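Take a look at the letters that make up each chain.
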Amino acid sequence: MTALSAMLDELMGKNRNAAPNDKTNEIHWSDEEICKHFLCGFCPAELFTNTRSDLGTCNKVHDEKTKQAYQASSRYMKSGYEEDFLRFLQQCWQDVERRIRRNHQRLQLSEEKTQKVQQAPPTGAEHDEKIAMLNDKITGMLENIERLGGEGEVEQAQSMMKLCDQLKEEREALQNQKGGVMDPFTVQEKQMEVCEVCGAFLIVGDAQTRVDDHLMGKQHMGYAKIKATIADLKEKLQKASVTSMAERKRIHETANDPHPVIE
Ligand SMILES: [Zn+2]
Ligand SMILES: [Zn+2]
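Note that this is a predicted model, so its numbers are computed, not measured.

*Asks:* Would you take a moment to explain the packing of aromatic side chains for this structure?
*Replies:* Where two aromatic rings form a pair, the distance of their centres and the angle of their planes describe that pair. If you walk through the whole model with that rule in mind, you get 6 aromatic pairs. Considering the side-chain rings of Tyr70 and Tyr76, the 5.4 Å spacing of their centres and the 85° angle between planes classify their relative orientation as edge-to-face. Under the relative-accessibility criterion, Tyr70 is labelled buried at 0%. Ring geometry for Tyr70 against Tyr81: centres 5.4 Å apart, planes inclined by 40°, an arrangement best described as tilted. Of this pair, Tyr70 sits in helix α3 (residues 64-72) while Tyr81 is found in helix α4 (residues 81-119), placing the two residues 11 residues apart along the sequence. Members of the aromatic cluster, each reached through a chain of ring pairs, are Trp29, Tyr70, Tyr76 and Tyr81. One cation-aromatic arrangement involves Lys67 over Phe38; the distance from NZ or CZ to the ring centre is 4.4 Å. One Lys or Arg, Lys225, reaches over the ring of Phe42 and ends 4.4 Å from the middle of that ring.

Structural data, given as structure tokens:
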């Protein structure tokens, strides 16, 4: 079925092309081709089209009139459709919960990494002490080199010079590092958080327009709808089962009562 004809079916009913007196094959809500999720409320396949949560297209019929006929029928809430719908939505919700957990872990990992980078260079007293130690060594070596040179020990003086150069390089590296130690307040990256509804990464304290864009986005709206519908369905189904239990109990009692009260 093309998207356009599906849309027209949804707006005007399956028999939109039939003349008033035509005998049409009226479709019934229990027909195989009818999307039962749609009868219970909405078709989840339509929530996330063209997003990364896309559930694929539903090739069953979504028809408002059929939905109304079902909801007005005596089988409403008694055909097991709502239970199936609830199970399906709970599965979708489990998927997004997994994504929320995974993104929390990713966020935590990246925060730990940033902290490690900041802590990596030796800081403060420990750092200064290393440089002072190298200074002492280098001064001592230079004195020795001078003495060896004076004594004509050119080879020894040269090999000690090499060592001394190495220590100087080491000292330079440490000094550069000290200059490079970043102020934790200036390097603080934008703080992120995970949306507890759709699992997306959000910037803490982001501009209101961007927050609104997120809240109105297909994925966020879709999962918010799933969450609300799950709660709603659970309540409805519980009420329905309490009612039917009371009904069964009443029938049972009436059957056992030798003098039933006829209402
Ligand atoms: Zn459907
Ligand atoms: Zn969200």
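*Asks:* Teacher, can you tell me more about the nonpolar core here?
*Replies:* Side chains of nonpolar character tend, in soluble globular proteins, to be buried together. Leu89, Tyr223 and Ile226 are the most contacted members of the largest nonpolar core, which has 26 residues in total. Broken down by secondary-structure element, the contributors of at least two residues to this core are α2 (36-40), α4 and α9 (218-256). For this core, the leading source of residues is α4, giving 7 residues. When sequence neighbours within four positions are dropped, the list of residues in contact with Ile226 reads Leu47, Phe48, Leu89, Cys92 and Trp93. Formed by 10 residues, the second largest nonpolar core is a distinct cluster that contains Leu148, Ala157, Cys164 and Leu167.

*Asks:* I keep staring at the coordination of the zinc ion (ligand 2) and nothing clicks. Help me out?
*Replies:* Note on metal geometry: ideal angles are 109.5 degrees for four donors arranged tetrahedrally and 90 or 180 degrees for six donors arranged octahedrally. Looking at the metal site, the zinc ion (ligand 2) is ligated by Cys195 (SG), Cys198 (SG), His214 (NE2) and His220 (ND1), spaced 2.0 to 2.3 Å from it. If you look at the zinc ion (ligand 2), its 4 donor atoms make angles of 100 to 124° with each other, and the shape they trace is tetrahedral. In primary sequence terms, the donor set of the zinc ion (ligand 2) follows C-x2-C-x15-H-x5-H. Taken together, the residues Cys198 in the loop between β1 (192-194) and β2 (201-203) and His220 in helix α9 connect sequence positions 22 residues apart. On the basis of relative accessible area, His220 is assigned to the buried category, the value being 9%.

*Asks:* What am I meant to see in the coordination of the zinc ion (ligand 1) here?
*Replies:* The protein atoms that coordinate the zinc ion (ligand 1) are Cys35 (SG), Cys43 (SG), Cys58 (SG) and His62 (NE2), at distances spanning 2.1 to 2.3 Å. Around the zinc ion (ligand 1), the 4 donor atoms are arranged such that angles at the metal cover 102 to 116°; this shape is classified as tetrahedral. Mapped onto the sequence, the donors of the zinc ion (ligand 1) take the spacing C-x7-C-x14-C-x3-H. Judged on exposure class, the residue Cys35 and its partner Cys43 are both buried.

*Asks:* Looking at this model, I keep getting lost on a nonpolar patch on the surface. Mind explaining?
*Replies:* A surface patch of nonpolar side chains, about 360 Å² in accessible area, is lined by Val211, Leu215, Met216 and Met221. Of note, Leu215 is situated in helix α8 (residues 208-215).

The rules behind each value
Each chain has its residues counted from 1, running along the sequence as written. Chains and ligands are labelled sequentially in the order written, the chains with letters from A and the ligands with numbers from 1. A pLDDT threshold of at least 70 governs which residues receive local features in this predicted model, and a stricter bar of 80 or more applies before side-chain atom pairs are shown or counted, although totals over entire chains, interfaces and linings include all residues. The side-chain quantities take in all heavy atoms of the structure and omit both hydrogens and water. Each aromatic pair joins two rings of Phe, Tyr and Trp (for Trp, the six-membered one) with centres within 6.5 Å, and gets the label stacked for planes under 30 degrees apart, edge-to-face for over 60, and tilted for any other angle. Classification of residues uses two cut-offs on accessible area relative to the type maximum, computed with a 1.4 Å probe and protein chains only: under 20% is buried, over 50% is exposed, and between them is partly exposed. Helix and strand labels come from DSSP, where a helix needs a run of H or I of at least four residues and a strand needs a run of E of at least two; each type is numbered from the N terminus. Two conditions define a charge sitting above a ring: the NZ of Lys or the CZ of Arg must be within 6 Å of the ring centre, and it must be within 35 degrees of the ring normal. Joining through side-chain atoms within 4.5 Å is the link that ties buried Ala, Val, Leu, Ile, Met, Phe, Trp, Tyr and Cys residues into a set, and such a set is a nonpolar core. In what follows, residue pairs with any heavy atoms lying within 4.5 Å of each other are defined as contacts. Only N, O and S atoms count as donors, using a 2.8 Å limit from the metal and a wider 3.2 Å limit for Na, K and Ca, and since water is excluded some coordination spheres may look unfilled. Geometry is assigned from donor-metal-donor angles: four donors are tetrahedral when every angle falls between 85 and 135 degrees, four are square planar and six octahedral when opposite donors sit over 155 degrees apart with all other angles between 65 and 115, and any other arrangement is irregular. Patch criteria: residues need more than 30% relative accessible area and no salt bridge. Like-charged residues are merged within 9 Å; nonpolar side chains of Val, Leu, Ile, Met, Phe, Trp and Tyr are merged within 5 Å. Accessible areas in this description were obtained via Shrake-Rupley with a 1.4 Å probe; residue shielding takes into account the shown protein chains only. When a carboxyl oxygen of Asp or Glu lies within 4 Å of a side-chain nitrogen of Lys or Arg, that pair is called a salt bridge.

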